[in-house]
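Spelled out from the first residue to the last, the chains are:
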Amino acid sequence: HAAVDKTITGKTTYQQLLDWGVAQEAVEQVIGAALPSPDTVIKDHVTAKGLQFGTVKSQLQALVDQVK
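Residues numbered from 1 in each chain as written. Predicted model: local features only at pLDDT ≥ 70, side-chain atom pairs only at ≥ 80, totals over all residues. Heavy atoms only, no water.

1. Quick word on the overall build of the protein chain
Along the protein chain, the regular secondary structure elements total four helices and zero strands. Element order for the protein chain, N to C, with α for helix and β for strand: α-α-α-α. The principal-axis extents of the C-alpha atoms in the protein chain amount to approximately 40 × 20 × 20 Å. Per-residue burial for the protein chain yields a buried fraction of 29% across its 68 residues. Residue pairs in contact within the protein chain that sit at least 24 positions apart in sequence constitute 58% of those at least 6 positions apart. Carbon and sulfur atoms make up 50% of the accessible area of the protein chain, which totals about 4,200 Å². Considering the protein chain, the positive charge centre built from 6 side chains and the negative charge centre built from 7 side chains are found 8 Å apart. (Helix = DSSP H or I, 4+ residues; strand = E, 2+ residues; numbered from the N terminus. Buried < 20%, exposed > 50% of the residue type's maximum accessible area, 1.4 Å probe, protein only. Contact = heavy atoms within 4.5 Å. Areas by Shrake-Rupley, 256 points an atom, 1.4 Å probe, with all protein chains shown as cover. Lys, Arg positive; Asp, Glu negative; His and termini not counted. Charge placed at Lys NZ, Arg CZ, Asp CG, Glu CD.)

2. So, helix α2 (residues 24-31)
Quick reminder: α-helices carry 3.6 residues per turn. Residues three or four places apart thus point the same way. Turning to α2, its buried residues are Ala26, Val27 and Ile31. Taken around the axis of α2, the buried residues stretch over an arc of 125°, which confines them to a single face. Opposite the packed face of α2, turned more than 90 degrees from it, sit the exposed residues Glu25 and Gln29. Backbone geometry just downstream of α2 places Gly32 in the positive-phi region, at approximately 70°. (Arc of directions from axis to C-beta.)

Structure, rendered in structure tokens:
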């Protein structure tokens, strides 16, 4: 069986990160804020905050990769 692809995309939600085993505290540290509703799309949230999605995505992806 192939492992579930745990790659962050423009459609990934915070809930998916949590489901993949990333700690909520680690996510909050990257986004610099409390976690919004888990079903929030990460890209929509960070761009609304004025952050670069690519930068945040890279940092979050590193956290996801550590869990694997």
